[in-house]
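Coordinate inspection notes
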Amino acid sequence: MCANVFGVLKSLFGKPFDGGKRMDHGGSQEQQQHPMEQQQHHPAMLRLYDVQKEVSALGPQVCTFSGLQNEREYKRMERELTRLLLEVDQVDTEGRAELQGARKRAAQEVEGLLRYLEENATHPSRLAIEDLSTAARQLVDERVVEPQRAGGVAEINDELVDALQELVLRLTQIKTEGRVPLRKARYRALTRLCAVQDVLEGRTQQQTLSLPLSGETHEAVHRINQVMVKVSMARSQLVALLMGLSGRDSCAHLSRILMELQVELDALDVSGNAAIRNYRKQVVEEINGLLKHLDLEGEGDDTRRYDLAQNNSIREIEAVRAHVSHLREGVLRHCAAGDLSFRPKAELQSLLTHLDQVDTAKNPCIREARRRAVVEVQAIVTFLDLREALVCRQPGPAEHPAHRAVWLVLGSLSDLQAQVLGFDGKRADKSYMMLEELLTKQLLALDAVDAHGDESTKMARKQAVKFAQNILNYLDMKTDEWEY
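Quick summary incoming for the structure in this document. (Residues numbered from 1 in each chain as written. Predicted model: local features only at pLDDT ≥ 70, side-chain atom pairs only at ≥ 80, totals over all residues. Heavy atoms only, no water.)

1. Description of the side chain of serine 313
Turning to its location among the elements, serine 313 is positioned in helix 14 (residues 312-336). Taking relative accessible area as the criterion, serine 313 reaches 11% and is therefore assigned buried. The residues contacting serine 313, other than those within four sequence positions of it, are Val358, Asp359 and Ile366. (Helix = DSSP H or I, 4+ residues; strand = E, 2+ residues; numbered from the N terminus. Buried < 20%, exposed > 50% of the residue type's maximum accessible area, 1.4 Å probe, protein only. Contact = heavy atoms within 4.5 Å.)

2. With respect to a negative patch on the surface
A grouping of Glu155, Asp158, Glu159 and Asp162 is seen on the molecular surface, where their side chains present a negatively charged patch. With relative accessibility at 55%, the residue glutamate 155 sits in the exposed group. (Patch = residues over 30% accessible without salt bridge, like charges linked within 9 Å, V, L, I, M, F, W, Y side chains within 5 Å. Areas by Shrake-Rupley, 256 points an atom, 1.4 Å probe, with all protein chains shown as cover. Salt bridge = Lys/Arg side-chain N within 4 Å of Asp/Glu carboxyl O. Lys, Arg positive; Asp, Glu negative; His and termini not counted. Charge placed at Lys NZ, Arg CZ, Asp CG, Glu CD.)

3. Focus on the pattern of salt bridges
All told, the structure shown has 26 salt bridges when counted by the stated rule. Between glutamate 87 and arginine 47 there is a salt bridge whose closest N-O contact spans 1.9 Å. Of this pair, glutamate 87 sits in helix 5 (residues 72-89) while arginine 47 sits in helix 4 (residues 43-64), placing them 40 residues apart in sequence. Residue classification places arginine 47 among the partly exposed positions, given a relative accessible area of 25%. A salt bridge links arginine 83 to glutamate 54, with the nearest nitrogen and oxygen atoms 2.6 Å apart. Here the residue arginine 83 occupies a position in helix 5, and glutamate 54 occupies one in helix 4, the gap between them amounting to 29 residues.

4. A closer look at the environment of cysteine 63
Considering the arrangement of structural elements, one finds cysteine 63 in helix 4. In this structure, the C-alpha to C-alpha distance between cysteine 63 and arginine 179, residues 116 residues apart in sequence, is 9.0 Å.

5. Points about the packing of aromatic side chains
Taken as a whole and judged by the stated rule, the model has two aromatic pairs. Look at phenylalanine 65 and tyrosine 74: their rings are 6.0 Å apart centre to centre, the planes differ by 45 degrees, and that puts the pair in the tilted class. Aromatic side chains phenylalanine 423 and tyrosine 432 sit 6.2 Å apart centroid to centroid with 45 degrees between the ring planes, which places their arrangement in the tilted category. Judged by relative accessible area, phenylalanine 423 falls into the buried class, the value being 9%. A relative accessible area of 6% places tyrosine 432 in the buried class. (Phe/Tyr/Trp six-rings, centres within 6.5 Å; stacked < 30°, edge-to-face > 60°.)

6. A look at the state of the cysteines
Put plainly, two cysteines are in a disulfide when a covalent bond ties their sulfur atoms together. A complete count under the given rule lists zero disulfides for this structure. Considering cysteine sulfurs only, cysteine 365 is the nearest to cysteine 194, which forms no disulfide, with 8.3 Å between them. By relative accessible area, which is 13% here, cysteine 194 ends up buried. Overall, cysteine 365 belongs to the buried group, its relative accessible area being 2%. (Disulfide = S-S within 2.5 Å.)

Pasting the structure below:
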C-alpha cells in the first residue's frame, strides 16, 4: 500500500497546474483554457493538491513507523492524518462529478495510511514483540539493574544468560509478513537484547579473571581498581539504557563517562610492569566493549540492517541452500532408481565447512538461518549413511530378535525420511499429517521393543529413537514458515 503513496495522488489529480500562463492571441485566458486546465485551477483541486503534499510528507513516516499506539509519534501522525481527512471532507466540489471523484480518492488515500498505521501498531506480531521485550526488561530489571541500584552486586550466571537466549530465539520466530514496521520492531528488539547478552557474558568472563590486583603491588593498581568499580557501574547503566529501564541517563552521557575513564587509564604510569600493563589493557578492552553498544539509538532505521535479504551472509547461506537443494534432488532421484553410487558426501561436507565460516555478526536471525542450512545438509548425510548401512547389513543367525526388530524400524524410517526430504508443503496438508503420524508410529514401535537386557539392542534402539525424532524435527523445521 505504502509504495503507492508517493505517486498515486498526483496521477489522480491530473497534471500540475501552470499558473494560468497559457493564453492564445485574440482570446481571454478563461476562454482559451481547456476544461481539464480549468478543473486543475479550481479551488477544490488546488486544496487537494495541498493535501497531496502533506500526505507525501507523512507517507514515508507512516510506512516505516515501528512503534505502538501509546507512543507520541503514533499519536502525532494519527492526529495529522485525521486533520487531513477532515480537510478533504470539507472541500466544496460544487456537485461536479470529476471533483467529487478526486476528493473521494484523496480521502481513500488518507484513510489507507491511517489504517496501515493502526494495523502495524496493533498487529499480533507487533504485540508479541512487545510482550517478549517486556519479559526481557523485567528479567534484566530484577536480576541486574535493581540489585545494582540497591548497592548490591548483580548475580550474572548461566541461568540468566540462558533465559535471555530463550527470549532471543522466541523473537527470531515471530512472523513479520514482510512488513517493514514489523521487521524494524523485531530487529530493534533483537539488537538490544543481543547487546545485553554480550555485555553480561563479557562480565561473566571478567568475573573469572584473577583480578583486580592488589593495591600494594603498585600505586597505579589502586587507581585501576577504582576505574574497575566505575566500569562495573557503567555496565549496569548500559544494560538499563539498552532495555529502556533508565529514564535519566543517556547513551551520550554514558559514552562521555567511559571515554573519560579511558583517558584516566592512558595517563597512568605503569613503569614497565607487564602484569599491571596487562591489567590496564583488560580494563580498556572492557570499556571498548561497552562503548561499541552505545550506537544503538538509530538501530533498525538502516534498511540494509533490518532487511536481511540484502545481507551478504544471508546471501551466502541462500546460495548454499540452493546447492543443497540440487544435491538433495539428485540423491532422491538415484535412490528411487535403486542406485546408491551417487554419494556426494564430500561435497556436502565442504558445504558444512563453508557454512561454519559464514560471519553471523552475532545476529540471531543470521545464526538461525545458518543453523537451518546446516540441518538441511546433515539430514541428507544421515539419510545416505542409513541407506548405506541398510545395504551393507549382514545379520548373523545369532542376532538378537529385538535387535532385528530395531533394524526393521530403521528400514521404515529410511523410506519415511526420503519422503520427508522431498516434502514441500505446509502443516495443514494431508501429506504432512500422514508423515507425522507414520513417524510417530515408528517411535511407538521402537518403544515396544524389549531388549531383554541386551546392551547392543539398547544402544541401537536409543540411536533409532534419536534418528526418528530428528526426522520429525526436520519435518517440523521445514514447515514452520520461519523468516529472517
